[in-house]
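The lines below spell out each chain.
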Amino acid sequence: MVAIQSFRSKEMEPRRVTVLGSTGSVGCNTVSMLESESGQYQVEALTARSNVKLLAEQARRLKPKMVVLSDKSFYRDLKRELAGSGVEVLAGAEALVEAASLNADWVMAAIVGTAGLAPTLAAIRHGAVVALANKECLVSAGVLLTKEVKKFGSDLLPVDSEHNGIFQVFDFNHPEGVEKIILTASGGPFRCFNRQQMRDVTPEEAVVHPNWEMGKKISIDCATMMNKGLERIEAFHLFPIEQKQIEILIHPQSVVHSMVAYCDGSVLAQLGTPDMRMPIAFTLAWPKRISVPVARLDLAEIGQLTFEHPNETLFPALRLAREVLEEGGSAPAVMSAANEIAVEGFLERRIGFLEIIELVERTLCKIPPLKVETIEEVSEVDSEARRLAKDLITG
Ligand code: NAD
Ligand code: MG
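A brief structural summary. If you're wondering where the values come from, they're calculated on a predicted model, not measured in any experiment. (Residues numbered from 1 in each chain as written. Chains lettered and ligands numbered in written order. Predicted model: local features only at pLDDT ≥ 70, side-chain atom pairs only at ≥ 80, totals over all residues. Heavy atoms only, no water.)

Turning our eyes to something else, we now look at the sheet that holds strand E3 (residues 66-69). Ordered in space as E4-E3-E2-E1-E5-E6-E7, the seven strands form an open sheet in which the pairing is parallel. The open sheet is flanked by strand E4 (88-91) and strand E7 (155-158), the only strands paired with a single partner. Put simply, the sheet's adjacent strands are angled 20° from each other on average, direction ignored. (Pairing = 2+ DSSP bridges. Helix = DSSP H or I, 4+ residues; strand = E, 2+ residues; numbered from the N terminus. Axes fitted to C-alpha atoms, helices over the stretch in contact; angles between N-to-C directions.)

Below is the structure:
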């Protein structure tokens, strides 16, 4: 009886949660989910880079203990917005780590790029359940992050829809029965273009994804298919599989979020409408499930699901990411950092669409692969890759 009572009272306590990158696409979806069941959660911290207005609005509604802007130049503005609210306001990279180290049970890691590495690592070291959207930090520091997950007893739950789908159908008790995992890819907006047509695409065209609404960086990554390259490396670190067991398949409808093929010929897939609230809710409720008001899948209405092999000549990012994963060491960190700079360069119209992956490859050629075992080593390689990629842009 006592045991049942203590179990119940723990169940009744609001869960302590933190959202890193709360003003982004994944972050806003997470915030809306927390608001829809407001009594269930105590928000410890919300963070953003520079979006003062939105972060302040979220803070007034969710009443977190702390809000952090990574860009210190907006600190005063946020402080003014939240005067008298009782919310602690901080700014800067160290404050971001402080926010991630608060006593949260569940942390959404939804910062874009390797800027999310230090805070994500801090949340892992705190033993929290970490819902990981920020794929770049797993690409750059996968070995380090997964080692720390084991050491600190944290749980790393994938938010990326493909990996979340695989997580739901992967037999972790019998991984030897898994033949391969199949990551599906929409193919992005330029799936049917040739290289000549791709040469002239604008940021406005590239940022529009056929099926998902996302932040700008990941949308461009989908258009170059670097996103699927990053996801190959992400999958390698998340699941007990070898590199050759990862297959990529183009599936333009984005309904089959991914699949696991077993040694007896069975293939288990996870399906759903393309809506990030589904994987976010999965990680929030895990190991249970909660009801989510996403559109229900109507396969008869969709009628046809199609699949085709990807074309690595048309999308060299797929080949590059495969080679980089085989190479290991610092190569994935270099690829990811150079890609961030190249995407920025493209969005600022300093380079063309096809030059994005060319620039990543040229940066990789300039940095010999090194061993990276600490966060400091990853950060050094990351900075060097950014510097070289920027030099290549400015010529
Ligand atoms: P976004 O650009 O919409 O949001 C990014 C968030 O990170 C914002 O809150 C922003 O303020 C914050 N941020 C940006 N730069 C920062 C910095 N230097 N320091 C601290 N904070 C910073 O991005 P998104 O689409 O929400 O994606 C977030 C992550 O989730 C990415 O790694 C992306 O690949 C991954 N992801 C996103 C989706 C999606 O549907 N949007 C799906 C799968 C995976
Ligand atoms: Mg994905």
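Asp160 (OD), Glu162 (OE) and Glu231 (OE) make up the full set of protein donors to the magnesium ion (ligand 2), lying at 2.1 to 2.2 Å. Here the donor residues of the magnesium ion (ligand 2) share one chain and are spaced in sequence as D-x1-E-x68-E. With aspartate 160 in the loop between E7 and helix H8 (161-169) and glutamate 231 in helix H12 (residues 226-238), this residue pair connects regions lying 71 residues apart in the sequence. Under the relative-accessibility criterion, glutamate 231 is labelled buried at 1%. (Donors = N, O, S within 2.8 Å, 3.2 Å for Na, K, Ca; no water. Buried < 20%, exposed > 50% of the residue type's maximum accessible area, 1.4 Å probe, protein only.)

Here we take up the packing of aromatic side chains. Under the criterion given, the structure shown has nine aromatic pairs. Pairing phenylalanine 167 with phenylalanine 282 gives two aromatic rings, centres 6.0 Å apart and planes at 80°, and the pair type is edge-to-face. Pair noted here: phenylalanine 167 is in helix H8 and phenylalanine 282 is in helix H13 (residues 277-285), with a separation of 115 residues, a long-range link. Neither residue differs from the other here; phenylalanine 167 and phenylalanine 282 are each classed as buried. Ring centres 5.2 Å apart and planes at 80° place the aromatic pair phenylalanine 190 and phenylalanine 353 in the edge-to-face group. Here phenylalanine 353 lies in the loop between helix H16 (331-347) and helix H17 (355-366) and phenylalanine 190 lies in the loop between strand E8 (178-185) and helix H9 (195-199), a separation of 163 residues in the sequence. Overall, phenylalanine 190 belongs to the buried group, its relative accessible area being 3%. Through a chain of ring-to-ring contacts, the aromatic side chains of Phe167, Phe170, Phe172, Phe239, Phe282 and Trp286 assemble into a single cluster. (Phe/Tyr/Trp six-rings, centres within 6.5 Å; stacked < 30°, edge-to-face > 60°.)

In total, this model carries 28 salt bridges according to the counting rule given. When the shortest N-O distance is used, the salt bridge between arginine 349 and glutamate 204 registers 2.3 Å. With arginine 349 in the loop between H16 and H17 and glutamate 204 in helix H10 (residues 203-206), the pair connects residues that are 145 residues apart, well separated along the chain. Owing to a relative accessible area of 45%, glutamate 204 belongs among the partly exposed residues under this scheme. Taken together, the shared-partner salt bridges connect Lys135, Asp160, Glu162, Lys228 and Glu231 into one network. (Salt bridge = Lys/Arg side-chain N within 4 Å of Asp/Glu carboxyl O.)

Moving on, we come to H16. Helix length check: H16 (17 residues) gives 24 Å between terminal C-alpha atoms against 24 Å at 1.5 Å per residue, within 8%. For H16, the tally of buried residues reaches 15 of 17 residues, placing the bulk of the element in the interior. Directly beyond the C-terminal end of H16, a positive phi value near 60° is found at arginine 349. (Expected span 1.5 Å × (residues − 1).)

On to the pairing of strand E9 (residues 246-250), then. If a strand is regular, its side chains alternate between the two faces of the sheet. Counting buried residues along E9, four of its five residues qualify, which places the element largely inside the surrounding structure. In terms of strand pairing, E8 meets E9 through five bridges, oriented parallel. Following the sheet pairing, leucine 183 is matched in E9 by isoleucine 248.

We now examine the packing of helix H2 (residues 25-36) against H13. Orientation of H2 relative to H13, taken along the N-to-C sense of each, is 60°, at an axis distance of 10 Å. Judged by the inter-axis angle, H2 sits oblique to H13. Considering the relative orientation of H2 and H13, their crossing is right-handed. Listed contacts from H13 to Val26, Asn29, Thr30, Met33 and Leu34 of H2 are Arg277, Ile280, Ala281 and Leu284. Counted by class, the contact of H2 with H13 contains six nonpolar, two polar and one charged residues. (Parallel < 35°, antiparallel > 145°, perpendicular 65-115°, else oblique. Left-handed = near helix turned anticlockwise from the far one by under 90°. Contact = heavy atoms within 4.5 Å. Nonpolar A, V, L, I, M, F, W, Y, C, P; charged D, E, K, R; others polar.)

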